[in-house]
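# Coordinate analysis (summary)
These are the residues of each chain, in order.
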Amino acid sequence: EWVFNNLKKENYNILKIDIEGAEYDVIEHLLNTGAHEYVDEWLVEFTRAGRAPESYNQEVVDRFKSVVSNYTDWGPMGEEIMNPNNIANNTENLE
């Protein structure tokens, strides 16, 4: 609701998310409500599965990637977490 009440699509809006595992629920909510359409640039740190096993959600990452084109993942996993093939092949790095 805050996004709809405080942001305008004609502005250039940047969203930074670094919330230690809660990003999966927040991003899913933004995608489900359409609030993501108000964000022009995303700065996201996706927490590794080994650090937040109860909240890690690869489906949210995949959906985010398919919908959002202007994002930067600056977390320690960088490209690894954004690529499901790397996750499957490098699970030892997730701990």
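In this text, all values refer to a predicted model and were calculated from it rather than measured experimentally.

Attention now moves to the environment of Phe 46. Within the secondary structure, Phe 46 sits in the loop between strand 2 (41-44) and helix 3 (58-67). Judged by its relative accessible area of 1%, Phe 46 is buried.

This paragraph deals with the nonpolar core. In this structure, Tyr 24, Ile 27, Trp 42, Val 44, Phe 46 and Phe 64 are the most contacted members of the largest nonpolar core, which totals 18 residues. Mapped onto this core, the elements with two or more residues apiece are helix 2 (23-33), strand 2 and helix 3. By residue number, the principal contributor to this core is helix 2, which donates four residues.

Turning to the packing of aromatic side chains, a few remarks are in order. Tallied over the full model, the rule gives six aromatic pairs. Consider the rings of Phe 4 and Tyr 38, whose centres lie 5.3 Å apart with planes at 90 degrees: the pair is edge-to-face. Of this pair, Phe 4 sits in helix 1 (residues 2-6) while Tyr 38 is found in the loop between helix 2 and strand 2, placing the two residues 34 residues apart along the sequence. For Tyr 38, a relative accessible area of 17% corresponds to the buried category. Consider the rings of Trp 42 and Phe 64, whose centres lie 5.1 Å apart with planes at 80 degrees: the pair is edge-to-face.

Only one face of strand 2 is buried, namely the one carrying Trp 42 and Val 44, since none of Glu 41 and Leu 43 on the opposite face is buried. As paired strands, strand 1 (residues 14-17) and strand 2 are joined by four bridges and run parallel to one another. When the sheet's bridge partners are listed, Ile 14 is paired in strand 2 with Glu 41. Assessed by its sense of winding, the connection that carries the chain from strand 1 through helix 2 to strand 2 is right-handed. Judged from the three bridges that link them, strand 2 and strand 3 (residues 71-73) form a sheet pairing that is parallel. Bridge pairing links Leu 43 to Thr 72 in strand 3.

What follows deals with the confidence of the model for the chain. In this model, the chain carries a mean pLDDT of 83, and residues with pLDDT of at least 70 account for 79%. Within the chain, no element has a lower average pLDDT than helix 5 (residues 84-89), which sits at 46, and none a higher one than helix 2, at 96. Low pLDDT (under 50) marks residues 86-95, which in the prediction has 19 contacts with non-local residues, meaning those over four places away or in another chain.

Topologically, Arg 48 is positioned in the loop between strand 2 and helix 3. Arg 48 sits in the buried class, given a relative accessible area of 17%. When the C-alpha positions of Arg 48 and Glu 20 are compared, they lie 9.0 Å apart, and in sequence the two are 28 residues distant.

Cut-offs and rules
Residues numbered from 1 in each chain as written. Predicted model: local features only at pLDDT ≥ 70, side-chain atom pairs only at ≥ 80, totals over all residues. Heavy atoms only, no water. Helix = DSSP H or I, 4+ residues; strand = E, 2+ residues; numbered from the N terminus. Buried < 20%, exposed > 50% of the residue type's maximum accessible area, 1.4 Å probe, protein only. Core = buried A, V, L, I, M, F, W, Y, C linked by side-chain atoms within 4.5 Å. Phe/Tyr/Trp six-rings, centres within 6.5 Å; stacked < 30°, edge-to-face > 60°. Pairing = 2+ DSSP bridges. Right-handed = clockwise from strand over helix to strand, strands pointing away. pLDDT = per-residue confidence, 0-100. Contact = heavy atoms within 4.5 Å.

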